Amino acid sequence: MTLILLSILCSTANQLLFKLFARIQVAALPAIVVNYLVAFGLGAWLNRNGPALNSLPLFQLQLLAAVQGGVLAGCFLLMSTVTRRNGVAVAAVSARLAVVIPVAAAFVLYGDSIAGTKIAGILLALGSLILLKPDNGGGLRQSGGLRMPLYLFAAFGFNLAYTKWIQARFLPPDTYHYYLTFCFLWAFAWGVFALLLRRHDRRVPLRAAVAGVVLGINNYGAIFFLIAALAQPRWESSVVFPIVSVSVVVLSFFGGTLLFGERLTLKKSAAVVLGGLALMLIR
């Protein structure tokens, strides 16, 4: 349970950091690029006495890491774009509703148990996340309506399902830091490529660099603890993903209320209650 809690805390911090960056007008893409460079460096340091190359074939590792690195970079860019254009609420709910994709994959691919209480808990979790959408459609009417939130939904869902697949099929426990090091290296490479595609302003401002350092350290923890939590034998991924998703969104709204003065409406309060019930049922 400790690993799940750490994953929740780091993922919630990611959400609040994006909110803060939007408030203080941090340049998103440079901060994301620095974030992945920092995460790569942290992974390399943590893996300094790690497994030998034959623990995971290098060519296979690079293919797996290149795909996930690209997805990670895309997820963060989409998260930043949706937060800026549609608001933090739309971004949080779009990303966390994506839990339906890895949960469905868990039932089909890994034979997770199907119990009435678990299904009820998952449905309550989805209901909680839906209730936490903005009270009006203004966020979705801006800048392309549902298109960008749907891209974010698909990208996060694929990333979660892919993370579980990698963990279950390819990664012994002693290779987590090893894999993430290359994963973040590829994410950094994809980010640099996106930065170079800009016609103007390819600089990395000092404010974005500092923000990227903070985000990178926290982001590494969020993904590492999630992979480690998924490897726990008594915790099925169809349980871990909804618990993490609901907890992150609920804590993000409490954090938004305390730190950024967001209002906790009756609708959001009902969503928090539903989320609590969902967590009790899913366990």
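As the structure is a computational prediction, the values presented were derived from the model and not from experiment.

Asks: How should I be thinking about unusual backbone geometry in this particular structure?
Replies: Excluding glycine, residues mostly carry a negative phi; peptide bonds, for their part, are mostly trans. The backbone of Gln25 shows a phi angle near 60°, a positive value even though the residue is not glycine. With respect to the element layout, Gln25 can be found in the loop between helix H1 (2-23) and helix H2 (28-46). With a relative accessible area of 69%, Gln25 lands in the exposed category.

Asks: I'm lost on the nonpolar core in this one. Help?
Replies: What tends to happen in soluble globular proteins is that the nonpolar side chains get buried as a cluster. Tyr36, Leu152, Tyr179, Leu180 and Phe184 are the most contacted members of the largest nonpolar core, which totals 50 residues. Only H1, H2, helix H3 (58-86), helix H4 (88-97), helix H8 (147-169), helix H9 (176-196) and helix H10 (206-230) provide two or more residues apiece to this core. Those residues in contact with Phe184 that lie beyond four places of it in its chain are Tyr36, Ala39, Phe40, Leu72, Asn219, Tyr220 and Ile223. If you look at the next biggest cluster of nonpolar residues, it comprises 19 residues, including Ile4, Val93, Leu160 and Ala229.

Asks: What is the right way to read empty space enclosed by the protein from this model?
Replies: Rolled over the atoms, a probe sized like a water molecule indicates the empty space that remains. All chains considered together, the criterion is met by two cavities of 30 Å³ or more. A volume near 340 Å³ is recorded for the largest cavity. Around the largest cavity, the lining is made up of 22 residues, and of these Ser11, Arg96, Phe156, Asn159 and Ile223 lie nearest the centre. Among the secondary structure elements, those contributing two or more residues to the lining of the largest cavity are H1, H3, H8, H10 and helix H11 (237-260). In the lining of the largest cavity, the residues fall into 12 nonpolar, nine polar and one charged.

Asks: Teacher, can you tell me more about the environment of Ile130 here?
Replies: If you trace the backbone, Ile130 turns up in helix H6 (residues 116-131). Residue classification places Ile130 among the partly exposed positions, given a relative accessible area of 43%. Separated by 33 residues in sequence, Ile130 and Leu97 have C-alpha atoms that sit 7.8 Å apart.

Asks: When you look at the environment of Gln60 in this model, what are you seeing that I'm missing?
Replies: As for its position among the elements, Gln60 is in helix H3. For the pair formed by Gln60 and Phe170, sequence separation is 110 residues and the distance between their alpha carbons is 9.4 Å.

Asks: Help me out: how do you make sense of H11 in this one?
Replies: Its 24 residues place the ends of H11 32 Å apart at the C-alpha level, agreeing with the 34 Å of an ideal helix rising 1.5 Å per residue. The element H11 is largely enclosed, with a buried count of 19 among its 24 residues. Phi turns positive, to about 70°, at Gly261, one or two residues after H11.

Asks: Even after reading the chapter, I still don't get the packing of H2 against H9, so can you show me in this structure?
Replies: Any two packed helices are characterised by the angle at which their axes cross and by the distance between the axes. The contact between H2 and H9 brings their axes to 8 Å, and the two run at 155°. Accordingly, the angle class assigned to the pair H2 and H9 is roughly antiparallel. At the point where H2 passes H9, the crossing takes the left-handed sense. Contact residues: H2 offers Leu29, Pro30, Val33, Tyr36, Leu37, Ala39, Phe40, Gly43, Ala44 and Leu46, while H9 offers His177, Thr181, Phe184, Leu185, Ala187, Phe188, Gly191, Val192, Ala194 and Leu195. Of the residues belonging to the contact of H2 with H9, the class tally is 16 nonpolar, four polar and no charged.

Asks: Explain the packing of H1 against H10 here, please?
Replies: Remark: H1 packs on H10, axes separated minimally by 8 Å, with the N-to-C direction vectors making an angle of 150°. It follows from the interaxial angle that H1 and H10 lie roughly antiparallel. By crossing handedness, the relation of H1 to H10 is classed as left-handed. Between H1, through Leu3, Ile4, Leu6, Ser7, Cys10, Ser11, Ala13, Asn14, Leu17, Phe18 and Phe21, and H10, the contact on the second element is made entirely by Ala211, Val214, Leu215, Asn218, Asn219, Gly221, Ala222, Phe225, Leu226, Ala228 and Ala229. For the contact of H1 with H10, the class distribution of residues is 16 nonpolar, six polar and no charged.

Thresholds, definitions, all that
- The residue count restarts for each chain, going from 1 along the sequence in the order it is written.
- Totals for whole chains, interfaces and linings use every residue, but because this is a predicted model, local features are given only for residues with pLDDT of at least 70 and side-chain atom pairs only at 80 or more, for both listing and counting.
- Processing note: side-chain calculations cover all non-hydrogen atoms of the structure and skip hydrogens and water entirely.
- The numbering of helices and of strands both runs from the N terminus, where a helix is a DSSP run of H or I of at least 4 residues and a strand a run of E of at least 2.
- Exposure is judged per residue with a 1.4 Å probe applied to protein chains only, and the accessible area is read against the type maximum: over 50% gives exposed, under 20% gives buried, and values in between give partly exposed.
- The criterion is simple. A nonpolar core is a set of buried Ala, Val, Leu, Ile, Met, Phe, Trp, Tyr and Cys residues joined through side-chain atoms within 4.5 Å.
- By definition in these notes, contact holds between two residues if any of their heavy atoms fall within 4.5 Å.
- As defined here, a cavity is a set of points on a 1 Å grid over the protein atoms alone where a 1.4 Å probe fits but cannot get out. A pocket is an open set with protein on both sides within 12 Å along at least five of seven lines, and residues line them when an atom is within 4 Å of a point.
- Grid points are joined across faces, edges and corners, and a volume is the space filled by probe spheres set on the points.
- We call Asp, Glu, Lys and Arg charged. Ala, Val, Leu, Ile, Met, Phe, Trp, Tyr, Cys and Pro are nonpolar, and the rest, Gly among them, are polar.
- To estimate how far a helix should extend, the number of its residues minus one is multiplied by 1.5 Å.
- Think of each axis as a best-fit line through the C-alpha atoms, taken over the contacting stretch in the case of a helix, with angles from 0 to 180 degrees between the N-to-C directions.
- Oblique is the label for every angle not falling under 35 degrees (roughly parallel), over 145 degrees (roughly antiparallel), or within 65 to 115 degrees (roughly perpendicular).
- For any helix crossing, the convention is left-handed if the near helix is rotated counterclockwise from the far helix by under a right angle, and right-handed if that rotation is clockwise.

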